[in-house]
Amino acid sequence: MGKIGRNQPCPCGSGRKHKHCCLPAQRTAANDNPTDPVDQMKVSLMAAIEKIQGKASEKKEVFNELGVFLFYSDQEGDAWLLEATESDAVQLSRGGERLEVPIDENPETIEINFSHTFAIRDRQLFLTSYADKTETRFDRAPVQQIRAAVRRLYKRYPKEMLAQMHVESGGPEAEAE
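This is a predicted model, so every value here is computed, not measured.

Enquirer: An account of the overall build of the protein is needed here, citing residue identities and associated values.
Expert: Assigned secondary structure in the protein consists of 5 helices and 10 strands. Relative to its 177 residues, the protein shows a buried fraction of 35%. Long-range pairs, those at least 24 residues apart, make up 40% of the contacts in the protein with a sequence separation of at least 6. As displayed, the protein offers around 11100 Å² of accessible surface, 48% of which is attributable to carbon and sulfur atoms.

Structure representation (structure tokens):
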């Protein structure tokens, strides 16, 4: 990935210049000196989660991307984290209230305990719960942005590289296949 200039549009999709959006947070994170790639990803992932939860508490519609992760919040204060390659999802905020982030970490990996899978059908987002297999349609989801982000991801990276990002755990994800 190339270097992002201060005056270029921020890659998070906010429409603001990089120097006025995510660059200050990146500099703060850099001062904490996480040298391990897992620690670096954790800092970026947690910052993105906190940012989208903040937008959800303000009940603002926002869509952001971070690698294979897609984040969105809606005008009702709901926020979701979607993982594009495995079609997993977890809710981050409900009605403007922040929810506990289900992330387990160890020195080698960061594991997100996803609660749902997602699919786009007929220009609508559907989420299916791993726990009870109930399916819910989300009318307020930014379906066009999600679909475009997934297409960009698959154009940008070979499938083999995307497959290397996942470790089979034998959990509900493996059973759902």
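Enquirer: Quick one: what's the story with the packing of aromatic side chains, residue by residue and with numbers?
Expert: Inspection of the entire model under this criterion finds 1 aromatic pair. Ring centres 5.4 Å apart and planes at 75° place the aromatic pair Trp 80 and Phe 138 in the edge-to-face group. Here Trp 80 is found in strand β3 (residues 79-83), whereas its partner Phe 138 is found in strand β10 (residues 135-138), with 58 residues between them in sequence. The burial state of Trp 80 is the same as that of Phe 138; both residues are buried. Across the ring face of Phe 126, the terminal group of Arg 121 is positioned such that the distance to the ring centre comes to 4.1 Å.

Enquirer: How would you explain the pairing of strand β8 (residues 116-121) if you had to name every residue and give the values?
Expert: Across a regular strand the side chains alternate sides, sitting on one face of the sheet and then on the other. The sheet contact formed by strand β4 (residues 88-94) and β8 spans 2 bridges and is antiparallel. Considered in β8, the bridge of Ala 89 is made with His 116. Hairpin connection between β8 and strand β9 (residues 124-129): a loop of 2 residues separates the two successive antiparallel strands, and Asp 122 in this loop has a positive phi of roughly 50°.

Enquirer: I'd like to hear about the environment of Ala 56, residue by residue, with values.
Expert: Here Ala 56 is to be found in helix α2 (residues 37-57). We classify Ala 56 as buried; its relative accessible area is 0%. Taking C-alpha positions, Ala 56 is 7.5 Å from Gln 75, a pair spaced 19 residues apart along the chain. Beyond its immediate stretch of four places on either side in the chain, Ala 56 contacts Ser 73, Gly 77, Asp 78, Ala 79, Ser 93 and Gly 96.

Enquirer: Can you tell me about a positive patch on the surface, naming the residues and giving the values?
Expert: On the surface, a cluster of positive charge is made up of Arg 123, Arg 147, Arg 151 and Lys 155. Inspection of the secondary structure assignment puts Arg 151 in helix α3 (residues 143-156).

Enquirer: Could you give an account of the pattern of salt bridges, with specific residues and numbers?
Expert: Close approach of charged atoms lets side chains of opposite charge pair. The final tally for this structure, using the stated rule, is 6 salt bridges. A salt bridge links Glu 58 to Lys 60; the shortest N-O distance between them is 3.3 Å. Two residues, Arg 152 and Glu 65, come together in a salt bridge whose shortest N-O distance is 2.3 Å. Of this pair, Arg 152 sits in helix α3 while Glu 65 sits in strand β1 (residues 62-66), and the two are 87 residues apart along the sequence. Given a relative accessible area of 27%, Glu 65 falls into the partly exposed group. Beyond isolated ion pairs, a larger network of salt bridges with shared partners links Asp 74, Asp 78 and Arg 140.

Enquirer: Give a detailed account of the nonpolar core, specifying residues and quantitative values.
Expert: Ranked by internal contacts, the top residues of the largest apolar core, which has 34 residues, are Phe 71, Tyr 72, Leu 81 and Ile 146. Elements that contribute at least two residues to this core include exactly α2, β1, β2 (69-73), β3, β4, β9 and α3. Each residue touching Tyr 72, except ones within four places of it in the same chain, is listed here: Ile 52, Val 62, Phe 63, Asp 78, Ala 79, Trp 80, Leu 82, Leu 125, Phe 138, Ala 141, Pro 142 and Ile 146.

Enquirer: Any chance you could break down unusual backbone geometry for me, citing the residues and the numbers?
Expert: The phi angle of most residues is negative, glycine excepted, and most peptide bonds adopt the trans form. With a phi close to 55°, Lys 59 is a non-glycine residue in the positive phi region. Tracing the backbone shows Lys 59 in the loop between α2 and β1. Of note in this structure, Asp 122 is not a glycine but carries a positive phi near 50°. Take Asp 122: it is sitting in the loop between β8 and β9. With a relative accessible area of 73%, Asp 122 lands in the exposed category.

Scoring rules and cut-offs
Residues numbered from 1 in each chain as written. Predicted model: local features only at pLDDT ≥ 70, side-chain atom pairs only at ≥ 80, totals over all residues. Heavy atoms only, no water. Helix = DSSP H or I, 4+ residues; strand = E, 2+ residues; numbered from the N terminus. Buried < 20%, exposed > 50% of the residue type's maximum accessible area, 1.4 Å probe, protein only. Contact = heavy atoms within 4.5 Å. Areas by Shrake-Rupley, 256 points an atom, 1.4 Å probe, with all protein chains shown as cover. Phe/Tyr/Trp six-rings, centres within 6.5 Å; stacked < 30°, edge-to-face > 60°. Lys NZ or Arg CZ within 6 Å of the ring centre and 35° of its normal. Pairing = 2+ DSSP bridges. Patch = residues over 30% accessible without salt bridge, like charges linked within 9 Å, V, L, I, M, F, W, Y side chains within 5 Å. Salt bridge = Lys/Arg side-chain N within 4 Å of Asp/Glu carboxyl O. Lys, Arg positive; Asp, Glu negative; His and termini not counted. Charge placed at Lys NZ, Arg CZ, Asp CG, Glu CD. Core = buried A, V, L, I, M, F, W, Y, C linked by side-chain atoms within 4.5 Å.

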